[in-house]
Amino acid sequence: MARIIDGTEISRVMREELAREVAALRAAGVTPGLSVVLVGNNPASQAYVASKTRACETLGMHGQTLNLPENVSKEELFAVIDRLNADPAVHGILVQLPLPAHLPYKAVLEHIHPDKDVDGFHPLNAGLAFVGDPRAFVPCTPAGIMEMLRREGIPTRGKHAVIVGRSLIVSKPLASLLMAPGPDATVTLTHRHTVDLASFTRQADILIVAVGKQNLITADMVKPGVVVIDVGQNRVPDESSPRGYRMVGDVDFAAVSEKAEAITPVPGGVGPMTITMLLANTIQAARQVQPAREGPGSQR
């Protein structure tokens, strides 16, 4: 059976380290602050945002949630972001996705000042991350995956990493991180239109799956000894659960575990790392704090 890569435990250790960084910043007169903007009343988003705020408070950071109505206009939302951009006590800004259909989410994300874009979605941060600039905020899930690989001692140099998925949030930034100097992996990006997907996944030394489709990856699609990172989050009805459902990934965990060297579970794998890296990015923003620049798209 595969070794389980325990994201919950790695996250716990990291948060102890981050708490010490927060204490040092507070002693220097800076309390890292994260503001989350939540539009509407989506229960899943509300629960996720609440967990982010609690995590901030546990580390000694300042966390706040701004709740806006479902029908908020683009102009009203931009005004809230402008106020947060200008507030020196706010080091990180996050607008919770998904947004209502009438709001242009790309324009909203680009309105956040790059120096406070702790989700790493602003084009400026995407570009800086691509070229390896240390000032960049790397999107939290890819950053968490890289941290898991490092802390688990999983070698990447010269290894073939196959990523299933092509999102701007996970797959594309992760490909850039894996092939950068240091990790030095050889990367193949695949997606839903890839012909004969299994012919690629069977080549993987490290397989990362981020699609959102239950049991997309089966045991016949991987080679023995592969390391599997399952980013998928899929709800499956389960009457035995108090919530009426359980979460599973994109990988047939039971079957693939019999062939893999190591694998992340769902839940308890990548998920906890995503929030932890959000905290880390906010602390990074507080460390490199500087006066707000004019305009959300200004250069650093």
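Just above, that's the structure.
Quick caveat, the model's predicted, so the values are computed rather than measured. Along each chain, numbering runs from 1 in the same order as the chain's sequence is written. With pLDDT at 70 or above as the cut-off, local features in this predicted model cover only qualifying residues; side-chain atom pairs require 80 or more to be listed or tallied, and sums for whole chains, interfaces and linings still use all residues. Excluded from the side-chain calculation are hydrogens and water; included are all heavy atoms of the structure.

Peer 1: Would you take a moment to explain the overall build of the protein chain for this structure?
Peer 2: Per the secondary structure count, the protein chain includes 10 helices and 11 strands. Radius of gyration (C-alpha) of the protein chain: 19 Å, near the 19 Å computed for a compact globule of 300 residues. Taken over the C-alpha atoms alone, the protein chain extends approximately 55 × 45 × 35 Å along its principal axes. Whether two residues are in contact is decided by their heavy atoms, any of which lying within 4.5 Å being enough. Once local pairs closer than 6 in sequence are excluded, the contacts in the protein chain between residues at least 24 apart make up 70%. A distance of 2 Å separates the average location of the 29 positive side-chain charges in the protein chain from that of its 30 negative side-chain charges. Helix numbers and strand numbers start at the N terminus; a helix is a DSSP run of H or I with at least 4 residues, a strand a run of E with at least 2. Radius of gyration here is computed from C-alpha atoms only, and the compact-globule reference equals 2.2 Å multiplied by the residue count raised to the power 0.38. Charge counting follows a simple rule: Lys and Arg are positive, Asp and Glu are negative, and His as well as the terminal groups are ignored. Where a charge lies is defined by one atom per residue type: Lys uses NZ, Arg uses CZ, Asp uses CG and Glu uses CD.

Peer 1: How do you make sense of the packing of aromatic side chains when you look at a structure like this?
Peer 2: Each aromatic ring pair is specified by the distance between its two centres and by the angle formed by the two planes. Note on ring pairs: Phe, Tyr and Trp rings are taken, using the six-membered ring of Trp, and paired if centres are within 6.5 Å. Classes follow the plane angle, with under 30 degrees stacked, over 60 edge-to-face and the rest tilted. One pass over the full model with this rule turns up 0 aromatic pairs. The rule for a charge over a ring is simple: NZ of Lys or CZ of Arg within 6 Å of the ring centre, and within 35 degrees of the ring normal. One residue, Arg235, lies across the ring of Tyr245, its end atom 4.1 Å from the ring centre.

Peer 1: Explain the nonpolar core here, please?
Peer 2: Generally speaking, soluble globular proteins have nonpolar side chains that are buried together. With 54 residues, the main nonpolar core has Ile5, Ile145, Leu178, Ile208, Ile229 and Val231 as its most contacted residues. In terms of residues, this core owes the most to one element, helix H10 (residues 270-287), which gives 10 residues. Contacts of Ile5, omitting those with residues within four sequence positions, involve Ile10, Met148, Glu152, Ile154, Val227, Ile229, Ala262, Ile263, Thr264, Pro265, Gly268 and Gly269. In terms of nonpolar packing, the next biggest core, distinct from the first, is built from 18 residues, Val164, Ile217, Val251 and Val256 among them. What we call a nonpolar core is a set of buried Ala, Val, Leu, Ile, Met, Phe, Trp, Tyr and Cys residues that are connected through their side-chain atoms within 4.5 Å. Think of it in three bands: with a 1.4 Å probe and only protein chains considered, a residue is buried below 20% of the maximum accessible area for its type, exposed above 50%, and partly exposed in between.

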